[in-house]
Amino acid sequence: MELRGKSRGKLRGNIKSDVFVIGCIHGDEPQGKFLIEQYLEIKSDTNILFIPCLNEYGFKNNIRTNKNGVDINRNFPTKNWVKSEKNEFYGGDSPASEEETRFIMDIVNKNSPRLILTLHAPFKVVNYDGDANDISKKISEIIGYPVEESIGYPTPGSFGTWAGLEKKIPTVTLELDEKINVQELIKPVFKIFALLENY
Ligand SMILES: [Zn+2]
């Protein structure tokens with residue numbers, strides 16, 4: 001778990017970045033990590049706080065969960081958290097039981113960003129929680145995926161529910177296309193990052 005961009009060199013404390021972008025919450029969705037790292041290659045001076053790869057174990061092993069078999073995106077201490085079956089959506093033994101979950105909670109709690117974007121795959125939608133309809137529409141126009149407010153099915157313990165609905169921080173979940181070459185995502189996703197630089 002590494003912080004990049006605005007926070008470079010500081011692992012904790014007073015980061016003061018208004019926009020967070022988080023990649024690779026699910027280890028088998030590496031697009032976000034790749035795109036963030038490419039972006040930082042060309043843009044050393046950024047207003048965005050990037051977490052390129054939250055789930056490093058999952059990334060290294062190409063699995064959704066972390067080393068404890070927990071889906072980090074079901075482990076946040078939301079009102080609707082439930083102890084679930086031990087499959088790839090397992091929410092952990094208790095809310096916020098995982099270090100990756102607590103890492104993000106700590107940074108968000110200390111910095112109160114105005115907007116958070118998380119990068120996932122493969123559903124090709126712009127999903128949001130909280131007051132993020134306008135920015136989601138702009139992101140949708142850039143990348144050509146539809147906007148969907150997350151009311152389709154329950155995702156207890158998700159990051160979007162925790163940050164967007166319960167902490168009232170507008171949170172956008174961008175589900176990227178995994179079928180095309182990730183190189184083709186560079187152009188639209190860099191445009192989205194550029195939009196967020198000035199958010
Ligand atoms: Zn995901």
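Scoring rules and cut-offs
Residues numbered from 1 in each chain as written. Predicted model: local features only at pLDDT ≥ 70, side-chain atom pairs only at ≥ 80, totals over all residues. Helix = DSSP H or I, 4+ residues; strand = E, 2+ residues; numbered from the N terminus. Rg over C-alpha atoms; globule rule 2.2 N^0.38 Å. Buried ≥ 20, exposed ≤ 12 C-beta atoms within 10 Å, placed from the backbone. Core = buried A, V, L, I, M, F, W, Y, C linked by C-beta atoms within 7 Å. Contact = placed C-beta atoms within 7 Å. Axes fitted to C-alpha atoms, helices over the stretch in contact; angles between N-to-C directions. Parallel < 35°, antiparallel > 145°, perpendicular 65-115°, else oblique. Left-handed = near helix turned anticlockwise from the far one by under 90°. Nonpolar A, V, L, I, M, F, W, Y, C, P; charged D, E, K, R; others polar. Pairing = 2+ DSSP bridges. Right-handed = clockwise from strand over helix to strand, strands pointing away. Expected span 1.5 Å × (residues − 1).

A short note on the overall build of the protein chain
Broken down by element type, the protein chain carries 6 helices and 7 strands. Along the protein chain, helices (α) and strands (β) appear in the sequence β-β-α-β-α-α-β-β-α-β-α-β-α when read from the amino end. Here the C-alpha atoms of the protein chain give a radius of gyration of 15 Å, agreeing with the 16 Å that 2.2 N^0.38 yields for 199 residues. Looking at the protein chain as a whole, 44% of its 199 residues are labelled buried.

Details of the nonpolar core
By size, the foremost hydrophobic cluster in this structure holds 43 residues, and its most contacted members are Val21, Ile22, Leu54 and Val172. Excluding anything up to four places from it in sequence, Ile22 contacts Ile51, Leu54, Ile104, Ile116 and Thr118.

Quick look at the environment of Phe193
Of note, Phe193 is situated in helix H6 (residues 186-197). Between the C-alpha atoms of Phe193 and Lys168, which are 25 residues apart in sequence, the distance is 22 Å. When near neighbours in sequence (up to four residues on either side) are disregarded, Phe193 contacts Tyr39 and Ile48.

Topic: the packing of helix H1 (residues 31-42) against H6
Across the interface, H1 lies against H6 with an axial gap of 10 Å and an inter-helix angle of 70°. Classed by the angle they form, the pair H1 and H6 counts as roughly perpendicular. Read as a crossing pair, H1 and H6 show a hand that is right-handed. Here Leu35, Gln38 and Tyr39 of H1 lie close against H6, whose contacting residues are Ile186, Val189, Phe190 and Phe193. The residue inventory of the contact of H1 with H6, partitioned by class, reads 6 nonpolar, 1 polar and no charged.

Thoughts on the environment of Glu175
Tracing the backbone through its elements, the reader meets Glu175 in strand E7 (residues 171-175). The class of Glu175 is partly exposed, set by 19 C-beta atoms lying within 10 Å. Between the alpha carbons of Glu175 and His120 there is a distance of 4.6 Å; along the sequence they are 55 residues apart. Non-local contacts of Glu175, meaning those with residues more than four positions away in its chain, are made with His120, Ala121, Pro122, Phe123, Lys124, Val125 and Asn127.

Topic: unusual backbone geometry
With an omega of 10°, the peptide bond between Ala121 and Pro122 qualifies as cis. With respect to the element layout, Pro122 can be found in the loop between strand E4 (115-120) and strand E5 (125-129). At Cys24, a residue that is not glycine, the phi angle is positive and equals roughly 60°. With respect to the helices, strands and loops of the structure, Cys24 is situated in the loop between strand E2 (19-23) and H1. You will see that Lys168, though not glycine, has its phi angle at about 60°, which is positive. Secondary-structure assignment places Lys168 in the loop between helix H5 (159-166) and E7. Looking at Lys168, the number of C-beta atoms within 10 Å reads 11, which means it is exposed.

Section: the pairing of E2
Within E2, 5 of the 5 residues are buried, which leaves the element mostly enclosed by the surrounding structure. Relative to strand E3 (residues 48-51), E2 runs parallel, the two being bridged by 4 bridges. Of the residues in E3, the one forming a bridge with Val19 is Ile48. Read from E2 through H1 to E3, the crossover connection turns out right-handed.

Here we look at H1
With 12 residues, H1 extends 17 Å from end C-alpha to end C-alpha; this agrees with the ideal 16 Å at 1.5 Å per step. Among all positions of H1, only Gln31, Gly32, Lys33, Leu35, Ile36 and Tyr39 are buried. Those residues of H1 that are buried are in contact with E2, E3, helix H2 (56-61), E4 and H6.

Read these as layout, nothing more, since geometry by itself doesn't imply function.
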